[in-house]
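Reading the structure
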Amino acid sequence: MTEVVHTPRVFSGIQPSGGLTLGNYLGAIKRFVGMQNQGIETIYCMVDLHAITVWQDPEKLRHATRELCAGYIAAGLDAEKSILFNQSQVAAHAELGWIFSCVARMGWLNRMTQFKDKAGKNREKVSVGLYSYPTLMAADILLYHATHVPVGEDQKQHVELTRDIAAKFNHDYKVDFFPITEPVIEGEATRVMSLRDGSKKMSKSDPSDKSRINMTDDADTIAGKIRKAKTDADALPSEVEGLKGRPEAKNLISIYASLSDTTMANVLSDVGGKQFSEFKPMLADLAVSKLSPIADEMARLMQEPDEIDAILRKGADKARAIADPILAQTKDILGMVR
Ligand code: TYM
């Protein structure tokens, strides 16, 4: 069997379920923009089929999908350079998702920590989709033969499952068809933590709005949340080593580093020795200067929902042009008559 070399192609997605957080921005969108601007082919999806694994109010889903698209564009994604679309407009995702649910093993899905976290004690009551969701995520990625997937730390296990599915499919059907995709988890903010609890991930589903910075927060709200962020009583260290056992301090330093495109080591060499009372206003100013222009642009774009819908429709056309032939070849490999 000759080994197929897949040309580099980036795919990633975000759920349009509620608002965007600083975690989504630093862990994902900011890095999506970086990859777009490296000249690699980039495809970024609003994964609405994933969002409905928990019930979504239809009006809010529509709004969140458009707002996510506005967030992508306001942060620097360009519909001429990247393919931007919402998942449900490309039917092949659901079809390949089904095929992969016949490739993935129960034991693999049983190990998914995100399902365990999300389902909690409520296992019997959650949707079947919430459980089988990683097979759909594998389909999202492999439908485009994507070679690289930029994500935050929390999605690593799902990308590893995607690799397992690709390898098993290739093995079972004696082909070298799907690439073994690389997760790209880079930068200083691959796991942004809650502002109220340094041991918990910053998340749109946290009941406390003070735990997160939303991409639509205004300047005063951002500054207020940073001022009230949980910290310890010590001064900041001068070296990264000194952040050990200080999760809240580490989180704020990593946010600062990521927003200013530098490393934690560099930040600490400047701010080491300072008290939080001095550092927090610096962080607030930086966050406001980077995030407010994005929030303003998102609000402006949201005034023109028809334009957003047109971008998504055009993006879906381009996505289908790549996805449909790959799905057709998959069906040929499986022995499906068409
Ligand atoms: P989602 O919608 O939960 O999050 C979208 C992206 O944001 C990252 N992220 C974070 N990064 C750092 N710190 C945080 N606190 C933080 N919170 C979220 C996530 O890691 C992710 O990169 N299953 C995915 C969506 C998905 C997908 C895909 C991703 C569906 N299909 C195919 C990549 C490729 C999810 O629920 O992400």
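Residues numbered from 1 in each chain as written. Predicted model: local features only at pLDDT ≥ 70, side-chain atom pairs only at ≥ 80, totals over all residues. Heavy atoms only, no water.

Concerning the packing of aromatic side chains
Taken as a whole, this structure holds eleven aromatic pairs when the rule is applied. An angle of 75° between the planes, with centres 6.4 Å apart, marks the rings of Phe100 and Phe169 as edge-to-face. A residue pair is termed long-range when its members are at least 10 positions apart, and Phe100 in helix H4 (residues 92–101) and Phe169 in helix H8 (residues 156–172) qualify at 69 residues. On the accessibility criterion, Phe100 (0% relative accessible area) is buried. For Phe169, a relative accessible area of 0% corresponds to the buried category. Put simply, the rings of Phe100, Phe169, Tyr173, Phe177 and Phe178 pair up and form one aromatic cluster. (Phe/Tyr/Trp six-rings, centres within 6.5 Å; stacked < 30°, edge-to-face > 60°. Helix = DSSP H or I, 4+ residues; strand = E, 2+ residues; numbered from the N terminus. Buried < 20%, exposed > 50% of the residue type's maximum accessible area, 1.4 Å probe, protein only.)

Comments concerning the pairing of strand S3 (residues 82–86)
In terms of burial, S3 is a largely internal element, five of the five residues being buried. Burial along S3 is two-sided: the residues Ser82, Leu84 and Asn86 and Ile83 and Phe85 are all buried. When strand S2 (residues 41–46) meets S3, the two strands line up parallel, connected through five bridges. Opposite Met46, over in S3, you have Asn86 as the bridge partner. (Pairing = 2+ DSSP bridges.)

A short note on the site of the ligand
Around the ligand sit 27 residues, and of these Gln15, Tyr133, Asp140, Asp154 and Val192 come closest. Between the ligand and Tyr133 there is a distance of 2.3 Å, counted from a nitrogen atom to a side-chain nitrogen or oxygen. Measuring from a nitrogen atom of the ligand, one finds a backbone N or O atom of Met202 at 3.0 Å. Alone, the ligand offers 710 Å² of accessible surface; in the complex the protein occludes 97% of this. Secondary-structure elements contributing two or more residues to the shell around the ligand are strand S1 (9–14), helix H1 (22–36) and helix H7 (128–142). Within the shell around the ligand, the residues separate by chemical class into twelve nonpolar, ten polar and five charged. (Near = heavy atom within 4 Å. Polar contact = N/O pair within 3.5 Å; in protein donor to acceptor, adjacent residues only side chain to side chain. Areas by Shrake-Rupley, 256 points an atom, 1.4 Å probe, with all protein chains shown as cover. Nonpolar A, V, L, I, M, F, W, Y, C, P; charged D, E, K, R; others polar.)

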